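Chain by chain, the residues:
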Amino acid sequence: MAVRCCPHPSTPEGNENVPSKTPQSRSRKPELLAPAGSLEKCRVAFLYGADAVYAGGKEYSLRAFAGNLSLEELAEASRLARKLGKKLYVTVNSFARQSDLGPLPKYLRYLEEIAVDAIIVSDPGILLLCRASAPNTPVHLSTQANTTNALSIELWKQHGIRRVNLARELSLEEISQIRRETDVELEIFIHGAMCVSYSGRCLLSAFLNDRSANRGLCTQPCRWSYRLVEQKRPGQYFPIFEDEHGSYIFNSKDLCLLKEIPLLMDLGIESLKIEGRMKGLLYLAGVTRAYRQVIDAYWEDPQGFQLPSRCIEDLEHVSHRPYSKGLLYPEDHALHQETDTSKPYDQSHTLAGIVREHDSQDLLGNCHPGLSEYTVAVEVRNRLFPGMTLEFLCPDGRTEKHVLTAFYDSFGNLLQVAQPNTRIFFQVPFSTFPLQVIRMTRDAPENLSSRR
Ligand code: SF4
């Protein structure tokens, strides 16, 4: 019982030896860099078009909640990247305390042994340790280092930094000036959550929750809804008014630079980075394939380029706060701030399930002759009922829709409902492939109302 594969876009070859279309700014195709909070996310990111992924080990990485990779998983991710001609960067970007330094050299030597493509650091002390313990592994500078000018980049270069992720606070004009003044590889964030503080230099979470953002433990209290309480009136919450919507001084919208990709490619930015190691598989697949399509389309035909509407839809269909262009255009700063928290996240769609590998042995007895060609095995992530419309995301940007009718468990029993974390089997009239991400509308009113 074979599982067929969707046509897959040609594997990106990174940014070397790509023919130049205009003399300078288009001499290299930028790398699309995606988050990988687990080994599975690493595979999914590569599948949906990432040229490179960044992942953390269990220690020394910001995003301590991100389900970082074990030593074995890092080695596996490195092997996978090499096999696919892609890249793995490992974050060691916390700000080290004295007690962190002792065990670090052994860990850094391990990263070099497994041949990761770069180590991402923020702390100058960790950079020195990288040079000593992993001298053959390139080092990239994290956005946490807040690099805002070409002279700072020169200093980092003198200390062996190969690439700098610029501070998210820079405008397009500043990025452009820096590009003209340095030959160091530049990386910028193009999508994801924004800090209301200066790129994570924030004590809010440490103060309120005893969890420090600079140790990878931020609980994002900047996004909470605040009220005023008078000491002798416990339980009475008074709103604070900043404007007619209320007071949301800490909130920031999400970054989305989909429409600016051509501009950024023309500038000659080497790496375009997606934020979100803690985000789920639907976010990872949808966002990665959207940016993949836009980068490829503009690279192939800059003159005739038009933003594909399905890429915009993909970004709208992942859970997100209202989008903005961050701080790229200083005159638009007000747009960066979120003012409506009545609906803090837009969530039109959710993850229905993931396609898994299977063979005929999965269906004990193989009692349903119809379950053969084009049968798909799906690991369910949200409750599914007959009549629901499932959307299978293909790496080339297409979305195959399928109305769920009959579906079975692994014993061949016909089911009326599929529960999360179970595996079901059904037929679809198109090809699928392992790790394919399936989404569905969040409310699915036509399907659910009579079944709850
Ligand atoms: S509390 Fe908010 S602003 Fe501060 S580090 Fe966390 S996410 Fe960033």
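In the block above lies the structure referred to throughout.
The paragraphs below set out a description of the structure included in this document. This structure is a prediction, so every number in the text was calculated from the model and none was measured.

1. A short note on a nonpolar patch on the surface
Nonpolar side chains collect at one region of the surface, where Phe207, Leu208 and Trp224 lie side by side and expose about 350 Å² of accessible area between them. Its location among the elements puts Phe207 in helix H8 (residues 204-209).

2. Comments concerning the site of the ligand
What surrounds the ligand is the set Cys195, Val196, Ser197, Cys202, Ala213, Cys218, Pro221, Cys222 and Arg223. For the shell around the ligand, the residue count by class is seven nonpolar, one polar and one charged.

3. With respect to the packing of aromatic side chains
As enumerated under the stated definition, the model contains two aromatic pairs in all. Relative to Phe305, the ring of Tyr298 lies with its centre 5.4 Å away and its plane at 85 degrees, an arrangement referred to as edge-to-face. One exposure class covers both Tyr298 and Phe305, and it is buried. Ring centres 5.1 Å apart and planes at 75 degrees place the aromatic pair Phe392 and Phe430 in the edge-to-face group. Here the residue Phe392 occupies a position in strand E13 (residues 389-393), and Phe430 occupies one in the loop between strand E15 (423-427) and strand E16 (437-441), the gap between them amounting to 38 residues. Positioned above the aromatic ring of Tyr283 is the side chain of Lys279, whose terminal nitrogen or guanidinium carbon lies 4.3 Å from the ring centre.

4. Some remarks on the pattern of salt bridges
What the rule picks out here adds up to 25 salt bridges. When the shortest N-O distance is used, the salt bridge between Glu379 and Arg356 registers 2.7 Å. In this pair, Glu379 sits in strand E12 (residues 375-380) while Arg356 sits in strand E11 (residues 349-356), placing the two residues 23 residues apart along the sequence. Grouping residues by exposure puts Glu379 and Arg356 together as buried.

Here is what the cut-offs are and how they apply
- Within any chain, residue numbers begin from 1 and follow the written order of that chain's sequence.
- With the structure being a predicted model, the display of local features is reserved for residues of pLDDT at least 70 and the display and counting of side-chain atom pairs for 80 or more, all residues being used for whole-chain, interface and lining totals.
- The side-chain quantities take in all heavy atoms of the structure and omit both hydrogens and water.
- Residues enter a patch when their relative accessible area is above 30% and they make no salt bridge; the linking distance is 9 Å between like charges and 5 Å between nonpolar side chains (Val, Leu, Ile, Met, Phe, Trp, Tyr).
- With residues, only the protein chains shown are counted as cover, and all accessible areas are computed by Shrake-Rupley using a 1.4 Å probe.
- Each salt bridge in this description consists of a side-chain nitrogen of Lys or Arg and a carboxyl oxygen of Asp or Glu lying within 4 Å of one another.
- Runs of H or I in DSSP of at least four residues are treated as helices and runs of E of at least two as strands, each being numbered from the N terminus.
- Here, proximity means that at least one heavy atom of the residue falls within 4 Å of the molecule or strand.
- Residue polarity follows a fixed list, in which Ala, Val, Leu, Ile, Met, Phe, Trp, Tyr, Cys and Pro are nonpolar, Asp, Glu, Lys and Arg are charged, and the others, Gly among them, are polar.
- Stacked, edge-to-face and tilted labels apply to pairs of Phe, Tyr and Trp rings (six-membered ring for Trp) whose centres lie within 6.5 Å, assigned for plane angles under 30 degrees, over 60, and everything in between, in that order.
- Burial classes: relative accessible area under 20% of the type maximum marks a residue as buried, over 50% as exposed, and values in between as partly exposed (1.4 Å probe, protein chains only).
- Lysine and arginine charges are scored as sitting over a ring when NZ or CZ, respectively, is within 6 Å of the ring centre and within 35 degrees of the ring normal.

Honestly, that's just the spatial picture; any functional story needs more than this.
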